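What follows is the residue order along each chain.
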Amino acid sequence: MITVQNLQKHFKLNKQYRGAWGSVRTLFSREYEVVKAVDDISFEVARGELVGYLGPNGAGKSTTIKMLTGLLVPSGGELAVNGRLPWRDRQAYVARIGAVFGQRTTLWWDLPVIESLELLQHIYHVPNGRFRQNLADFETMLELKPFLNTPVRSLSLGQRMRADLCAALLHDPDLLFLDEPTIGLDVVAKERIRQFIRHVNRERGTTVLLTTHDLSDVQKLCDRVLIIDRGKLLYDGSLDALQTRFGGRRELVVDLAEPYSDVSVAGATVVARENGRVTYQFTREEIGASELIGRLSQRFRIQDLAVREPDIEATVRRIYEERLLEN
Amino acid sequence: MRVFWEMTKRSFQRYLTYRAAALAGLATNFFFGLLRMAILLALYGERPQVAGLTVADVITYSALSQALIGYLSIFGWYDLMNSVYTGEIGSDLLKPLGLMRFWLAQDVGRALVNFLLRGVLIMVAFELVVDLVYPQTAVSWLHVLCTLILGWLVSFGFRFLVNLASFWSPDARGMGRFAFLSATFFCGQLMPIRFFPDWLQGWLQFTPFPAMFNTTIEIYLGTLTGTAVYLALLNQLLWAIGLLLVGQWVLQTAVRRLVIQGG
Amino acid sequence: MNHALTIYWRLLGVQLRSQLQYRLAFFFDVVAMSSTIFLEFASLALVFQRFETLGGWTLGEVAFLYGLEELSFGIMDMVFSGFDPSYFGQEIRRGSFDQLLLRPLNLTMQVFGSKFVLRRLGKIGMGLAVFLYAQTLITVTWTPAKLLYLPFVVFGMVCFFGGLFIAGATITFWTVESIEVMNIFTYGGGYLIAHPMHIYQTWLRRLFTYVVPAIFLNYYPALYFLNKPDPFNFPAIAPFVAPLVGILALLASLAFWHFGIRFYQSTGN
C-alpha cells in the first residue's frame, strides 16, 4: 500500500538575523542552513495494517505525514501510495485517502454537522446509497445522533473529533491518516475513538497510519510501530519487542508472612523494604518471573505477591531521551 | 502617582516591542498623505489661499492628518472593550489604580510610541519631499505641545466612553466602528473643518470632535492667533475634563452593574 | 469544471447562511461599510462649494469616477474575499490551507469559496449610489456603445484588483504575514483612481501608468463616457483597454499564484 524508499525532506532555512534591521538582512541574506527534517527513511505498509508512527516533537513525523498526504513534495527518495505519487496528481490522490488532523477540523464552522457531511458527500462524489449506508453505520458507532444538527463551533472537542472521523471515512478511503486523534480527550472518549479505529481497520479493511503522543493508543491499537527521531527511522517492529529490549527492570512486590532478617535472593535486588513488604527488581534476561517466585517461596513464607511490568510510557521516553536506538 | 508612571513606563515598553507593526504602517500612511496633498492642491488650482489656509498650510495639514493617526488612534481603539469581553477586566479592577487611570496610563505609553515612531518619522519623510510649514516661535511650539496633549486627552475621553458601551451590549464593536468612523469625519481628519459649509461648522462647535484634531492643526498652522489660541486651548481643556468626568461616572455605573449582576 | 462550479455555489451558500445568522449584526456591518464610503465622499462633496472644481472636474464628474471605482472595488472585495492577503495569511498560519489541499477539488476555486464577505454589499451599494448621484449632477450623453461598455469597465477593475489580492495572498506563502506594502497598491490604488489622474504628481501618475497601468481602468474610460479630451495624448484606443488590462493582471497573478503553491508544497509552513 505504502512504499517509502530513502525518503528525504530537506529544508533550507535562511539565516536569521536579530535586531531592528535583522528582518531586512534576513530577507537579502543568501546564507542558509539545511535542516534534514526527514533523512533517508524507508518502510512499507501493507494493505489492512494499522501502524503507529511515533517520535518526539520535531522528529520529522508531521513532515512525513505531509509528504504521504501530498501536502509536501519530497526532496529525495521515493514514495508511492497505491502506486501513485501523492503530490503528482493531488486531486485524484486525495480522493482515495482520509485524514484527520486532531487540532484542526475539516468541517465548516457554522454549519450543522449533517450539512457539512452532505457537502463532503458532493465534494467526494459519494453515491447517495453508499452515503446513507456509511452515515447510518458511523452514526451508531460514533453516537453522532445527539449532535448531528448542532453547528460545529458549538461541539465539544470529543464530539468534533467523532464528527471529523466520520467525515474522513464517508468516501470509503483505502488509507486513513490520523494525527493525534485522541488529544485532549477524557478516558471514555478516547476509548470510544479507539474502538472505532479498530473497527474501521478490521471490518472495513482500511489501512491506518496513526501518529500520537498517547502510547496507550498505540498499545491498544497497533501491532507495529515506526519510531522516528531527528529525521531518521530508528525502529520498525512490534511494541512488545521494544519493551522486551528496552523496557526497564520489572518489579516483584512480595508480602512476607513472617519477619526475616535477610530477604536477599539471587537474580534480583531489593529496592525497598517496608514492614513485611519487600520490592525486588529484576530483568527479563537474567531471570523469569516464575523462577524468581519459585526461589522466594522456597526460602520464605509468602502471603501475597504482584509483578509490575515497566511502564511503556517510561520506556519510550527513555528511548527518546537516552537515544537508545541510535548506534 | 508613582504607580501611574510605573504603568505608563511598562505600557511604553510593551508598545515599543510592537514597533515592527507600527513601522509597517508608515508606507501606507505616507502614500495616502501624498494622495491627499494632490487632491487638495487640485482643489486649490490657482488660488493661493482658501478660508485662511494657504497652499503650504494644506500640504502640512495632509502630512499631519497622517502623522497623528497612530498617536490619536483615529481609526479606532478597542482594548478596553476586548478586556471586558475576555473577562480580563476582572483582574484590572483589582489593580491599585482606578480603572480609568489604569487605561489612561496604558494610553500614554501607546500614544508616545506612536507619536515617536509613526508621527515623527512620517513628518521627516514628508519634509524630504514637500515643503512643510512649522511654528515660528518658541511660544508657538509651546502652544502646539499643549494642544497635542489636550487633543490626545479629548480623544482618550471619547474612545473610553465608546468602549464603555461594551458593559451593556455584547455587540459594542459594531457600534464602536461606527462611532470612530464618524469621528474621523467630524474631527477634520478627512478635510479641514474650515472648508466645510458654515452650517456644519456651526454644528460641530457644539461637539468635542474638533477639539481632538482640528484645533491642534489650527494652532500648529498658526491660523489661530493671540487670545484665540488660549480660547481654543481652554475649549479643549473643558472638553477633556467634561468627557473624562462623564466617562468616570458611566464607568462607576457600569462597574456597579457588573458587580451586582456578576458580569 | 462543472463539478467545481456546483461545489463553489454550495460553499457560497454556506458563507451566506452563516453571515445572515445574526441579522442585526449583519445590518450594522452593512451600514458601517457604506458609511465609510459615504463619509469619505461627503467630505469631498461638502468642500466643493468653496472650490467648484477638482483639477477642472466638477463634483458630478468626480462622483462618476468615484462611484464607479467604489462599486467595482466593492464587488472585487466581496468575490475575492478568500484572497484578501490579511485573511489568507491567517489561513496559512492556522494551517487551514492544508485542509484545502486535502480535498479533491480545484484549489483556486476552494479559496474563492472559503470566504465571501457579504457585508461588502454596503460598499457596493454606496458606490452605486454615488455613481447614480453623479447622473443627477451632470448630463452624460449615454449612447448604446457606452452603456454596453460600462459593465466591461467594472469587470476590468474587478479583475485588476482581484489580481492584486491574489498576488498579495501569494506573497504570504513566503512571508506568512501579509505585507503592508500591498495595501498601497490595493486600497491606495483604489483611492488613487477614484480621483482624476491628472491631479497627481508626474512621477506618481507615471508609476500608475507604466508600472501599474491603473490609469486605463477608470480614468480613461471616464474620459470616454464624459466626452472629455485626453490631456496626455494617448492613442484613441486608450479608453477601451480597461478589460484587457484587468484580465492580463489577473492572469499574471494566477500564474504567480500557481508558482506560489508549488513553492508552498516544497517548503510547507
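Note that the structure is a prediction, hence the values are computed from the model and not measured. (Residues numbered from 1 in each chain as written. Chains lettered and ligands numbered in written order. Predicted model: local features only at pLDDT ≥ 70, side-chain atom pairs only at ≥ 80, totals over all residues. Heavy atoms only, no water.)

Facing the 28 residues of chain A at the interface are 27 residues of chain C. If you sort the residues of chain A by the area they bury against chain C, A:L71, A:R90 and A:I123 come out on top, with a joint share of 24%. For the pair chain A and chain C, the number of links is 2 salt bridges. With its nearest N and O atoms 3.7 Å apart, the salt bridge here joins A:K66 to C:D98. (Contact = heavy atoms within 4.5 Å. Buried area = accessible area lost by both parts, 1.4 Å probe. Salt bridge = Lys/Arg side-chain N within 4 Å of Asp/Glu carboxyl O.)

So, about the layout of surface pockets. Put simply, the second largest pocket is a space of about 1300 Å³. Residue lining of the second largest pocket: 38 residues in total, with A:W109, A:D110, C:Q15, C:Y87 and C:K115 positioned closest to the centre. Listed by contribution, the elements that provide at least two residues to the lining of the second largest pocket are α8 (172-186) of chain B together with α1 (2-19), α2 (23-51), α4 (85-94), α5 (96-101) and α6 (107-114) of chain C. The greatest single-element share of the lining of the second largest pocket, amounting to 5 residues, is contributed by α1(C). Grouping the amino acids of the lining of the second largest pocket by side-chain chemistry returns 14 nonpolar, 12 polar and 12 charged. (1 Å grid on protein atoms, 1.4 Å probe; cavity = no way out; pocket = protein on both sides within 12 Å on 5 of 7 lines; lining within 4 Å. Points joined across faces, edges and corners; volume = space filled by probe spheres on them. Helix = DSSP H or I, 4+ residues; strand = E, 2+ residues; numbered from the N terminus. Nonpolar A, V, L, I, M, F, W, Y, C, P; charged D, E, K, R; others polar.)

The subject of this paragraph is helix α6 (residues 157-169) of chain A. Residue and element names in this part refer to chain A. With 13 residues, α6 ought to run about 18 Å at 1.5 Å a step, and its terminal C-alpha atoms sit 19 Å apart, in line with that. For α6, the tally of buried residues reaches 11 of 13 residues, placing the bulk of the element in the interior. Residues of α6 that are buried include every one of G158, R160, M161, R162, A163, D164, L165, C166, A167, A168 and L169, and no others. Taken together, the buried residues of α6 touch β5 (97-101), α4 (113-123), α5 (128-142), β6 (175-179) and α7 (187-203). (Expected span 1.5 Å × (residues − 1). Buried < 20%, exposed > 50% of the residue type's maximum accessible area, 1.4 Å probe, protein only.)

With that settled, consider the confidence of the model for chain C. In the predicted model, chain C carries a mean pLDDT of 93, and 99% of its residues have values of at least 70. Interface confidence for the predicted complex, expressed as ipTM, amounts to 0.91; the pTM equals 0.87. (pLDDT = per-residue confidence, 0-100.)

Along the polypeptide, C:R103 turns up in the loop between α5 and α6. The charged side chain of C:R103 is buried without a salt bridge, its nearest counter-charge being A:D164 at 7.8 Å. Aside from chain neighbours lying at most four places away, what touches C:R103 is A:R90, A:V94, A:T106, A:W108, A:L120, A:I123, A:Y124 and C:Q110. (Lys, Arg positive; Asp, Glu negative; His and termini not counted.)

With that settled, consider the nonpolar core. If you look at the biggest cluster of nonpolar residues, it comprises 274 residues, and the most contacted ones within it are A:L117, B:L43, B:F195 and C:F97. Residue contributions to this core peak at 14 residues, all from helix α8 (residues 144-175) of chain C. Apart from residues no more than four positions distant in its own chain, B:L43 is found in contact with B:M191, C:L44, C:V47, C:F48, C:F51, C:T53 and C:L54. Core analysis: the second largest hydrophobic core is formed by 15 residues, A:L256, A:Y260, A:V278 and A:A289 among them. (Core = buried A, V, L, I, M, F, W, Y, C linked by side-chain atoms within 4.5 Å.)

Residue and element names in this part refer to chain C. Mapped onto the fold, G122 is located in helix α7 (residues 121-137). The exposure class assigned to G122 is buried, which follows from its relative accessible area of 6%. With 89 residues separating them along the chain, G122 and M33 place their C-alpha atoms 5.2 Å apart. When sequence neighbours within four positions are dropped, the list of residues in contact with G122 reads V30, M33 and S34.

All names here are of chain A. With 4 of 5 residues buried, β6 is to be regarded as a mostly interior element. Pairing between β6 and strand β7 (residues 207-211): 5 bridges, direction parallel. Across the sheet, residue F177 finds its bridge partner in β7, namely L209. Note on the crossover from β6 through α7 to β7: the handedness is right-handed. (Pairing = 2+ DSSP bridges. Right-handed = clockwise from strand over helix to strand, strands pointing away.)

Taken residue by residue, the interface counts 33 residues in chain B and 36 residues in chain C. Taking both sides of the interface into account, the surface hidden between chain B and chain C amounts to around 2900 Å²; carbon and sulfur atoms contribute 75%. Ranking the residues of chain B by area buried against chain C places B:F31, B:I39 and B:L43 at the top, with a combined share of 20%. Run the count over chain B and chain C and you get 3 salt bridges. Ionic pairing is found between C:E52 and B:R47, a salt bridge with its closest N-O pair at 3.6 Å. Connecting chain B to chain C are 6 residue pairs in polar contact (both at pLDDT 80 or more). Looking at the side of chain B that touches chain C, the elements with two or more residues in it are α2 (19-44), α8 and α9 (198-204) of chain B. Counting residues per element, the side of chain B that touches chain C draws most heavily on α2(B), at 14 residues. (Polar contact = N/O pair within 3.5 Å; in protein donor to acceptor, adjacent residues only side chain to side chain.)

Once that is clear, we can look at the sheet that holds strand β10 (residues 250-256) of chain A. Residues and elements named next belong to chain A. Reading across the sheet, the 4 strands line up as β11-β12-β10-β13 and stay open at both edges, with antiparallel pairing between neighbours. With partners counted over all chains shown, the strands left at the sheet margins are β11 (269-274) and β13 (302-308), one partner each. Averaged over all pairs of adjacent strands, the angle between their axes in this sheet comes to 20 degrees, without regard to strand direction. Bridge count between β10 and β13: 6 bridges; the pairing is antiparallel. Opposite D255, over in β13, you have D304 as the bridge partner. In this fold helix α10 (residues 289-299) packs onto β10, β12 (277-282) and β13, with an angle of close to 25 degrees to the strand it touches most, β10. (Axes fitted to C-alpha atoms, helices over the stretch in contact; angles between N-to-C directions.)

Moving on, we come to the packing of aromatic side chains. Residue and element names in this part refer to chain C. Across all of its chains, the model carries 65 aromatic pairs over all chains by this definition. Ring centres 5.8 Å apart and planes at 50 degrees place the aromatic pair F64 and F225 in the tilted group. One end of the pair, F64, is in helix α3 (residues 59-79); the other, F225, is in helix α11 (residues 219-225), with 161 residues separating them in the sequence. As far as the burial class goes, F64 and F225 line up, both buried. Taking the centre distance of 6.3 Å and the plane angle of 45 degrees together, the rings of F185 and F208 count as tilted. Of this pair, F185 sits in helix α9 (residues 181-193) while F208 sits in helix α10 (residues 202-211), and the two are 23 residues apart along the sequence. Since its relative accessible area comes to 1%, F208 is described here as buried. Among the aromatic residues, ring-to-ring pairing joins F80, F83, F88, F97, F112, F173, W257 and Y264 into one connected group. (Phe/Tyr/Trp six-rings, centres within 6.5 Å; stacked < 30°, edge-to-face > 60°.)

Residue and element names in this part refer to chain B. Two elements in contact, α2 and helix α3 (residues 55-72), have axes whose closest approach is 9 Å; the angle formed by their N-to-C orientations is 155 degrees. Comparing the axis directions of α2 and α3 gives the class roughly antiparallel. With respect to the hand of their crossing, α2 and α3 are arranged in right-handed fashion. Two secondary-structure elements touch here, α2 through N29, F32, G33, R36, M37, L40, L41 and Y44 and α3 through V55, V58, I59, Y61, S62, A63, S65, Q66 and I69. Here the residues of the contact of α2 with α3 sort into 11 nonpolar, 5 polar and 1 charged. (Parallel < 35°, antiparallel > 145°, perpendicular 65-115°, else oblique. Left-handed = near helix turned anticlockwise from the far one by under 90°.)

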